[in-house]
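Structural description and commentary
So you can see what is in the structure, the chains are spelled out below.
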Amino acid sequence: MDIGIEQISFYTAQYFLDLKTLAEARGVEPDKFYTGIGQEKMGIPPPDEDVVTMGASAAFPLKEQGALEGVEALLFATESGIDQSKAAGLFIHGLLGLPERCRVVELKQACYSTTAALRMAMGLVVMKPQSKVLVIASDIARYVLGSPGESTQGCGAVAFTVTADPRLLAIDPEAGFYADDVMDFWRPNYLSEALVDGKYSTQVYIKALKAAWKQYVGESGRSLNDFARFCYHIPFTRMAAKAHQKLAKGISDEELQTVIGESLIYSRSAGNCYAAALYVGLTSLLDNAAEDLGGKRIGLYSYGSGCVGEFFSGVVQPGYREMLLTDAHREMMASRTELTFQQYEDIYNYGIPTDGGVHTFAQYCTGPFRFAGIRGHKRIYERA
Ligand code: HMG
């Protein structure tokens, strides 16, 4: 029995900052961001958008199509948690009107947690093949203003269903995985920005990739030639390119573009989506692949700082294009609103009130759900 991803949906906030604007404000050459980092824009969530509204908005098109009927678990992956106790997925469970008979839990291991959720979902489907699990990953990448990480901010969410005999991607049983207790990137509970040892984080990302790939090759007997495309965790698109160059030494620019280019299109304009990033890349690949990938194998590398890395693979299912939400994704990306540098800094510096009083937020968010306010330390969400 094949198990994997039945359908996938991507959402990012309505607003973005062009990295040319950031470059000008910080006195940096725009090409450092556009070429050196490989990013053009970064998604910025307005004050009434958070990981709950983005996650619910990613899942909403699936709900509207009736694809969430019979969901028995909602696994929510994030590193931008809004509560130390309650799983953010429970707010989404309410917003989407999911059944009471549903397991809801939040998972965390930096950007890796969505792959852990996928594994857990697959385990649940193995035990009960007729069941369906909803995985949602939603994150906001935020670094200190003016720091080297600033240009790699972003935001976004993906929602996907995991089933037996999936119509999008059947996940192979083989995998290579690696863990190490390192401090390359972290966020203490009392900070709202991540701390990062940037250069070191890129080295650990590669070290984990090499270890995971070696193990994967040993277990599967496959080589690079067995893959039509690769999707990497994308903190910034240049990182994915560098990662693939480590595996495929001496690869030409043209070939590199063929095997990873289509997976980088959405991230180049949305920025790092942390837990969602690899799966934003997968969505981008499936939506934008010029060639029909039906029946072809793709390689996936998931990385979460701290760190855990996993290389795994899947076979794209014949007829997969019928399941895609390509037009909606493209329209969302094309209709976003550009911010000025001042607007970006104002949004960045806006803090959620913590006094326990009653606060109502102005409407900026244009997705189906919004974070409407806060009352008595309780977050209030509504249909926009
Ligand atoms: P930096 O140190 O300011 O950048 O920040 P740099 O000086 O290394 O320059 C970057 C590249 O731009 C270089 O190319 C320059 O040569 C080039 P490279 O040497 O790498 O090939 N460059 C130019 N190119 C064209 N025209 C120019 C120009 N100027 C320079 N004029 C750094 C880079 C990645 C350190 C920073 O952005 C950062 O700290 N980012 C955050 C951390 C990060 O994203 N790490 C990635 C791996 S860890 C990970 O993926 C996990 C994560 O997603 C979190 C999680 O798991 O939850 C982050």
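I will try to describe carefully the structure that is included in this document. Keep in mind it's a predicted model, so treat the numbers as computed, not measured. Sequence positions are assigned chain by chain, starting from 1 and proceeding in written order. A pLDDT threshold of at least 70 governs which residues receive local features in this predicted model, and a stricter bar of 80 or more applies before side-chain atom pairs are shown or counted, although totals over entire chains, interfaces and linings include all residues. To get the side-chain values, take all heavy atoms of the structure and skip hydrogens and water.

1. Digging into the sheet that holds strand S2 (residues 15–18)
Formally: Here the rule is simple: two strands pair whenever DSSP picks up at least two bridges between them. A run of H or I in DSSP counts as a helix once it spans at least four residues, and a run of E counts as a strand once it spans at least two, with each numbered from the N terminus. Note on contacts: a residue pair qualifies if any of its non-hydrogen atoms lie within 4.5 Å across the two residues. What counts as an axis is a line fitted to C-alpha atoms, over the stretch in contact for a helix, and the angles between N-to-C directions run from 0 to 180 degrees.
One open sheet holds the three strands; their spatial order is S3-S2-S14, and the pairing between them is mixed. Looking along the sheet, the strands with just one partner apiece sit at the ends: strand S3 (41–44) and strand S14 (337–338). Bridging between S2 and S14 involves two bridges; their strand directions are parallel. Note on S14: the bridge partner recorded for phenylalanine 16 is glutamate 338. Contacting S2, S3 and S14, helix H1 (residues 19–26) runs over the sheet at an angle of about 50° to S2.

2. So, helix H6 (residues 198–220)
Convention followed: To estimate the expected span of a helix, count its residues, drop one, and scale the result by 1.5 Å. Burial classes: relative accessible area under 20% of the type maximum marks a residue as buried, over 50% as exposed, and values in between as partly exposed (1.4 Å probe, protein chains only).
With 23 residues, H6 should reach 33 Å at 1.5 Å per residue; the first-to-last C-alpha distance of 33 Å fits that figure. Buried within H6 we find Ser201, Val204, Tyr205, Ile206, Ala208, Leu209, Ala212, Trp213, Tyr216 and Ser220. Elements in contact with the buried residues of H6: strand S8 (169–179), strand S10 (195–196), strand S11 (229–232), helix H7 (237–247), strand S12 (297–304) and strand S13 (308–316). Glycine 221 sits one or two residues past H6 and shows a positive phi near 75°.

3. Focus on the packing of H6 against H7
Applied cut-off: Roughly parallel means an angle under 35 degrees; roughly antiparallel, over 145; roughly perpendicular, 65 to 115; everything else is oblique. When the near helix sits turned anticlockwise from the far one by under a right angle, the crossing is termed left-handed; a clockwise turn instead gives a right-handed crossing. Note on residue classes: Ala, Val, Leu, Ile, Met, Phe, Trp, Tyr, Cys and Pro are nonpolar, Asp, Glu, Lys and Arg are charged, and everything else, Gly too, is polar.
It is the contact of H6 with H7, at a shortest axis distance of 10 Å, that shows an interaxial angle of 40°. One element, H6, and the other, H7, form an angle in the oblique class. In this structure, the crossing between H6 and H7 has a hand that is right-handed. Touching Thr202, Tyr205, Ile206, Leu209, Lys210 and Trp213 of H6 are Met239, Ala240, Lys242, Ala243, Lys246 and Leu247, all from H7. In terms of residue class, the contact of H6 with H7 is built from eight nonpolar, one polar and three charged.

4. A short note on the side chain of serine 201
Among the structural elements, serine 201 can be located in helix H6. Look at serine 201 and you get buried, because its relative accessible area is 15%. Excluding residues within four positions of it along the chain, serine 201 makes contact with Asp184, Val196 and Tyr303.

5. Comments concerning the site of the ligand
Selection criterion: Any residue with a non-hydrogen atom lying within 4 Å of a molecule or strand is treated as near it. In protein, a polar contact requires one atom able to donate a hydrogen and another able to accept it; more generally it is a pair of N or O atoms within 3.5 Å, and residues adjacent in sequence count only if both atoms are side-chain atoms. Each accessible area value is a Shrake-Rupley result obtained with a 1.4 Å probe; residue values ignore everything except the protein chains displayed when judging cover. Definitions used for this entry: grid spacing 1 Å over protein atoms alone; cavity, a set of points where a 1.4 Å probe fits but cannot get out; pocket, an open set with protein on both sides within 12 Å along at least 5 of 7 lines; lining residue, one with an atom within 4 Å of a point. To be counted as sitting in a cavity or pocket, a molecule needs more than half of its atoms within 2 Å of that site's grid points.
Around the ligand, the structure places 29 residues, and the nearest of them are Lys32, Glu79, Cys111, Lys242 and Ser305. Contact distances for the ligand include 3.1 Å between an oxygen atom and a side-chain N or O atom of arginine 238. Summarising the interface, the protein chains cover 75% of the accessible area of the ligand, which totals 1100 Å² for the free molecule. A majority-of-atoms criterion places the ligand in the second largest pocket. Secondary-structure elements contributing two or more residues to the shell around the ligand are helix H2 (30–37), H6, H7 and S12. At five residues, H6 tops the list of elements feeding residues into the shell around the ligand. Its residues assigned to classes, the shell around the ligand comprises twelve nonpolar, ten polar and seven charged.

6. Let's talk about the side chain of arginine 370
The residue arginine 370 is located in strand S16 (residues 369–375) in this model. Under the relative-accessibility criterion, arginine 370 is labelled buried at 4%. Within the local environment of arginine 370, its side chain forms a polar contact with the side chain of aspartate 48, the two groups lying 2.9 Å apart. Not counting residues up to four positions away in its chain, the partners in contact with arginine 370 are Asp48, Thr53, Phe361, Ala362, Gln363, Cys365, Ile380, Tyr381, Glu382 and Ala384.

7. Section: the sheet that holds strand S7 (residues 154–164)
Within the open sheet, the nine strands sit side by side as S5-S4-S6-S7-S1-S8-S13-S12-S11. Their pairing is mixed. Looking at strand neighbours, the two that pair on one side only are strand S5 (103–107) and S11, the edges of this open sheet. Strand-to-strand, the axes of this sheet are offset by a mean angle of 25°, without reference to chain direction. Alignment of strand S1 (residues 3–11) against S7, held across eight bridges, turns out to be antiparallel. Paired with isoleucine 3 across the two strands is alanine 164, which belongs to S7. Taken strand by strand, helix H4 (residues 89–96) contacts strand S4 (71–77), S5 and strand S6 (132–141), and its axis lies near 135° from that of S4.

Such coordinate-based values are descriptive only and should not be taken to indicate function.
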